[in-house]
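Letter by letter, the chains look like this.
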Amino acid sequence: AQTVTQSQPEMSVQEAETVTLSCTYDTSESDYYLFWYKQPPSRQMILVIRQEAYKQQNATENRFSVNFQKAAKSFSLKISDSQLGDAAMYFCAYKVSYDKVIFGPGTSLSVIP
Amino acid sequence: DTGVSQDPRHKITKRGQNVTFRCDPISEHNRLYWYRQTLGQGPEFLTYFQNEAQLEKSRLLSDRFSAERPKGSFSTLEIQRTEQGDSAMYLCASSPTGLLTNEQFFGPGTRLTVL
């Protein structure tokens, strides 16, 4: 069964600093997709970044980047130059093709001014 | 607004009552998904449709739950004889079936409180 684990229920970061959120997953598939979603207090789920498993290059979106280690089944999110608006729940997620998304339990990120 | 919309945003009901939620996906998105999210947890898959066909149902979807997408556009999720354990946020998402993306676009959710 596919599972997604986030071992950090809560994290905090000083404004303008860098923080890394951890995620591991378990799958027997070779082709899949990994995502980081952000859910601010208003609870609208927003896609932050996406990684295709067949791509070796780590995805980057502005201040957000991932460290994808396929053999270790690890998919961490790095947020650089943290801003107050980055405060939210962050969910690591996995899916195969057009199948359902499997979410981790989430990491609550606080940004300290 | 061309995003996924859900109605109502909040619903408070008494135990034993029936409730129905509606989801309008992004226009021309063939796939539509329902998830349930309890406080402090990640969303859990309930069911999904491709056009009007319901392709998969989670074991979380008991007999009291039913979902429809009659014309392949909007979808409804009905919960009969609600229980306090049904209190949660119900999220809808949609995605296209082309090969350009595997992203699911989420709506704002319907928060259900069962008293």
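In this report, we go over the structure that sits alongside the text. (Residues numbered from 1 in each chain as written. Chains lettered and ligands numbered in written order. Predicted model: local features only at pLDDT ≥ 70, side-chain atom pairs only at ≥ 80, totals over all residues. Heavy atoms only, no water.)

### Things to note about the interface of chain A and chain B
- With 20 residues of chain A at the interface, the matching set in chain B holds 27 residues.
- Together, the buried faces of chain A and chain B total about 1,900 Å²; carbon and sulfur atoms form 48% of this surface.
- Summed over the shared surface of chain A and chain B, the number is 2 salt bridges.
- Every element with two or more residues in the side of chain A that touches chain B is listed here: strand E5 (33–39), strand E6 (46–52) and strand E10 (88–95) of chain A.
- For the side of chain A that touches chain B, the element with the most residues is E5 of chain A, which contributes 4 residues.
- Looking at side-chain class alone, the side of chain A that touches chain B contains 10 nonpolar, 5 polar and 5 charged residues. (Contact = heavy atoms within 4.5 Å. Buried area = accessible area lost by both parts, 1.4 Å probe. Salt bridge = Lys/Arg side-chain N within 4 Å of Asp/Glu carboxyl O. Helix = DSSP H or I, 4+ residues; strand = E, 2+ residues; numbered from the N terminus. Nonpolar A, V, L, I, M, F, W, Y, C, P; charged D, E, K, R; others polar.)

### Regarding the layout of surface pockets
- Approximately 390 Å³ is the volume attributed to the largest pocket.
- Along the walls of the largest pocket sit 16 residues, with Ile-102 of chain A together with Pro-43, Glu-44, Phe-45 and Leu-60 of chain B positioned nearest its centre.
- At the level of elements, strand E11 (102–103) of chain A together with strand E5 (44–50) of chain B are the ones that each hand at least two residues to the lining of the largest pocket. (1 Å grid on protein atoms, 1.4 Å probe; cavity = no way out; pocket = protein on both sides within 12 Å on 5 of 7 lines; lining within 4 Å. Points joined across faces, edges and corners; volume = space filled by probe spheres on them.)

### Comments concerning the nonpolar core
- Grouped together as the largest cluster of nonpolar side chains are 26 residues, with contacts concentrated most on Tyr-25, Trp-36, Phe-75, Leu-77 and Tyr-90 of chain A.
- Counting residues per element, the ones that place at least two in this core are strand E3 (19–21), E5, E6, strand E8 (64–69), strand E9 (74–79), E10 and strand E12 (107–112) of chain A.
- Here this core takes 4 residues from E10 of chain A, the largest share from any one element.
- Counting residues in hydrophobic clusters, the runner-up holds 19 residues, among them Val-4, Cys-23, Leu-32 and Leu-77 of chain B. (Core = buried A, V, L, I, M, F, W, Y, C linked by side-chain atoms within 4.5 Å. Buried < 20%, exposed > 50% of the residue type's maximum accessible area, 1.4 Å probe, protein only.)

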